Every structure is written in C-alpha cells, then in structure tokens.
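Take a look at the letters that make up each chain.
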Amino acid sequence: MDLVLVQIFNGIQYGFLIFLAASGLTLVFGILGVINLAHGSFYMLGAYLALTLTEVTGDVFLACLLGVPLAVVFGWLIERAFVRHLYKRDHLQQVLLTFALILIFNEVQRILWGSYPHGVPAPSYLSGSIRLTDQLAYPVYRLALTAICAALAGAMFFVIQKTRVGRLIRAGESNREMTELLGFDSSRLYALVFATGTALAALAGMLAAPVESVYPGIGERILIISFVVVVIGGIGSIKGAFLGALAIGIADALGKVFLPSLAGVVVYALMASVLVVRPGGLFGRVIR
C-alpha cells in the first residue's frame with residue numbers, strides 16, 4: 001500500500017506537469033487551428049533554460065522567474081516569423097513546417113548544450129523528505145511542485161473564465177470568424193495565445209528539470225503525451241486537458257505498479273476507451 005500511495009502522489013504530480021504543457025497545446029490547436037509538432041521543443045527549451053539559469057542564480061525558482069519572460073518572447077518571435085503563415089493552410093503544411101522546427105531546435109540544442117544528459121539540483125531548502133507514514137517518506141520538492149502546478153492551474157482557470165482576455169480566448173475557440181467581425185484584432189490574440197502556450201510548456205520543463213535529467217530530445221515524449229491529453233480532454237478545452245492530464249498521470253503511475261509489462265500501453269488504452277465513448281473527447285466537439 002505504501003508503494004501504491006507513492007505512485008498516486010507521483011501520478012498527481014506528473015499529471016499537473018503534463019497539464020501545464022498540454023494546456024498550451026490545446027489552446028494553440030483549438031484557437032489557432034495549428035497542429036504544432038514543435039510544442040515539445042518548448043518544453044525542452046524550458047529544461048535547458050533551467051539548467052543554464054540555475055547555474056547563474058543558484059535556485060531553480062529564480063531561474064523560472066527569469067526564464068518565463070524569455071520563453072514568452074521566444075514564442076512571440078516564432079509565431080511572428082513562422083506560425084502566422086500557417087493559419088489558412090492545410091494541416092499537412094503545418095505538420096511539415098513545425099516538424100522542420102523540431103529538427104532546427106534539436107540541432108541548436110546540441111550546438112549550445114551538447115549531447116550529454118545534465119542534472120539540475122533542487123533548491124537546498126526543498127531537498128529533504130516529509131514522512132507521510134511510519135514507512136513512507138516523500139520528497140519535499142515533489143510536494144512543492146504539485147502545489148505550484150495546482151496554483152498555476154487555478155490561476156489559469158481564473159484567467160480563462162473571469163477575465164476579458166479569457167473571454168476573448170473562449171470566443172476565439174468557439175468562433176474565430178465572429179470574433180474578428182466584432183472588431184477584435186485576431187493577429188494580436190493569436191500571438192498572445194501562442195506565446196502563452198510556449199511559456200506554459202517551457203515552465204513545465206523548468207519545474208520538471210530537478211525531477212528528471214535534462215537531455216537531448218526530452219520534448220518528444222512530452223509532445224506525444226500532450227497530444228494524448230488534448231485528444232482525451234477535447235480540442236480547445238482547458239478543463240478537459242486538466243482532467244485528461246490527471247487521468248493519464250495516475251494511470252501511468254499505477255500501471256507501472258500493477259501492470260509493469262504493459263505500462264507503456266495503459267495511457268493509450270485509456271485514450272482509446274475515451275474515444276469509443278466520447279469521439280470528441282471529454283469536453284470537445286465532434287467535427288463532422
């Protein structure tokens with residue numbers, strides 16, 4: 001039971017991290033209509049920013065404070081230079097261009113940081129463990145990571161549901177053409193959404209860096225899982241991405257305990273099961 005409890009904690013923490021990355025992807029896919037295969041590269045960017053900035057500041061949280069604005073600027077530049085040309089093009093051209101971006105980003109990463117894995121230390125004040133039971137202790141940094149991600153998720157829901165920007169985002173997801181006819185500048189909205197999605201993925205990579213090593217290609221795994229979250233939750237649905245990410249995190253963690261030989265299949269079996277019952281995802285719309 002101690003092992004199961006630890007895995008549940010790990011699953012929740014993993015689910016929150018996935019949500020940060022996948023929420024940006026579902027916003028970009030749902031509002032901009034762009035299949036962004038380079039989204040995982042932004043997670044990788046965050047991980048390597050954490051590596052570099054933590055060496056400078058000595059604290060991964062200070063690295064996050066410096067790295068998030070850099071990620072926003074980077075996402076805005078990528079949107080202005082490349083993604084804005086894809087809005088009225090078919091999905092094949094979107095896939096080809098964003099896949100080319102993956103190759104470019106991976107090569108730049110190898111030039112700047114090399115091909116070896118690196119470790120990012122957790123802050124010294126969060127390096128211990130908390131005893132949950134007589135036989136069970138859990139790392140403080142993982143608990144802090146879960147709390148931070150939960151707070152960010154709550155802030156994201158507040159912005160989406162209660163602010164003017166959030167109303168614009170929801171309107172753009174529901175009907176982009178009508179939003180433009182009402183006089184709102186879709187170009188600025190799209191740039192904001194893409195830059196925000198980039199920052200969320202990069203922040204997830206920065207926060208996860210002390211938990212897992214930083215290595216080339218770290219974003220590819222997150223990209224696949226993020227697409228699974230988008231499919232399960234429904235395209236454009238933040239609430240669906242949240243529930244889908246938690247379900248995937250817990251299913252993955254428990255699958256490693258109860259079905260170790262099939263652990264890699266559990267997540268995709270969950271996705272298939274949801275699609276059988278809800279073809280548009282938990283909170284998505286079926287496009288006919």
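Residues numbered from 1 in each chain as written. Predicted model: local features only at pLDDT ≥ 70, side-chain atom pairs only at ≥ 80, totals over all residues. Heavy atoms only, no water.

A. Local environment of the overall build of the protein chain. Counting its regular elements, the protein chain contains 11 helices and two strands. Reading the secondary structure of the protein chain in the N-to-C direction produces α-α-α-α-β-β-α-α-α-α-α-α-α. The C-alpha extent of the protein chain, read off along each of the three principal axes, is 60 × 45 × 35 Å. Across the 288 residues of the protein chain, 50% fall into the buried class. On the protein chain, roughly 13,800 Å² of surface is accessible, and the fraction owed to carbon and sulfur atoms is 68%. (Helix = DSSP H or I, 4+ residues; strand = E, 2+ residues; numbered from the N terminus. Buried < 20%, exposed > 50% of the residue type's maximum accessible area, 1.4 Å probe, protein only. Areas by Shrake-Rupley, 256 points an atom, 1.4 Å probe, with all protein chains shown as cover.)

B. View of the side chain of Gln94. With respect to the helices and strands, Gln94 occurs in helix α4 (residues 91-113). Given a relative accessible area of 1%, Gln94 falls into the buried group. Looking at Gln94, its side chain comes within polar contact range of the main-chain oxygen of Arg89, at 3.3 Å. Setting aside anything within four residues of it in sequence, one finds Gln94 in contact with Gly33, Val34, Ile35, Leu86 and Arg89. (Polar contact = N/O pair within 3.5 Å; in protein donor to acceptor, adjacent residues only side chain to side chain. Contact = heavy atoms within 4.5 Å.)

C. Here's a closer look at the environment of Val4. Checked against the element boundaries, Val4 lands in helix α1 (residues 2-32). Separated by 254 residues in sequence, Val4 and Phe258 have C-alpha atoms that sit 9.1 Å apart. Among residues more than four places away in sequence, those in contact with Val4 are Leu254, Val257 and Phe258.

D. Structural view of the pattern of salt bridges. Counting across every chain of the model gives three salt bridges. Close ionic contact of Glu212 with Arg221 constitutes a salt bridge, the shortest N to O distance being 3.0 Å. A residue is classified by how much of its surface remains accessible, and Glu212, at 23% relative accessible area, is partly exposed. A relative accessible area of 32% places Arg221 in the partly exposed class. (Salt bridge = Lys/Arg side-chain N within 4 Å of Asp/Glu carboxyl O.)

E. Here's a closer look at α4. Compared with the 33 Å implied by 1.5 Å per residue over 23 residues, the 32 Å span of α4 between its first and last C-alpha is a close match. Those residues of α4 that are buried are in contact with α2 (39-57), α3 (60-81) and α9 (218-233). The backbone nitrogen of Leu92 lies 3.2 Å from a side-chain oxygen of the residue at the head of α4, namely Asp90. (Expected span 1.5 Å × (residues − 1).)

F. How the structure looks around the environment of Phe157. When you line up the elements, Phe157 lands in helix α5 (residues 140-162). Exposure remark for Phe157: the relative accessible area of 23% places this residue in the partly exposed category.

G. A look at the packing of α9 against helix α11 (residues 263-277). Running from N to C, α9 and α11 point in directions that differ by 20°, and their axes come no closer than 9 Å. The angle between the axes of α9 and α11 places the two elements in the roughly parallel class. The handedness of the crossing between α9 and α11 is left-handed. Across the interface between the two elements, Ile224, Ile225, Val228, Val231 and Ile232 from α9 touch Val267, Tyr268, Leu270, Met271, Val274 and Leu275 from α11. Partitioned by chemical class, the residues of the contact of α9 with α11 number 11 nonpolar, no polar and no charged. (Axes fitted to C-alpha atoms, helices over the stretch in contact; angles between N-to-C directions. Parallel < 35°, antiparallel > 145°, perpendicular 65-115°, else oblique. Left-handed = near helix turned anticlockwise from the far one by under 90°. Nonpolar A, V, L, I, M, F, W, Y, C, P; charged D, E, K, R; others polar.)

H. Structural view of a nonpolar patch on the surface. A cluster of nonpolar side chains, Ile104, Val108, Ile111 and Leu112, forms an exposed patch at the surface whose accessible area comes to about 390 Å². Considering the arrangement of structural elements, one finds Leu112 in helix α4. (Patch = residues over 30% accessible without salt bridge, like charges linked within 9 Å, V, L, I, M, F, W, Y side chains within 5 Å.)

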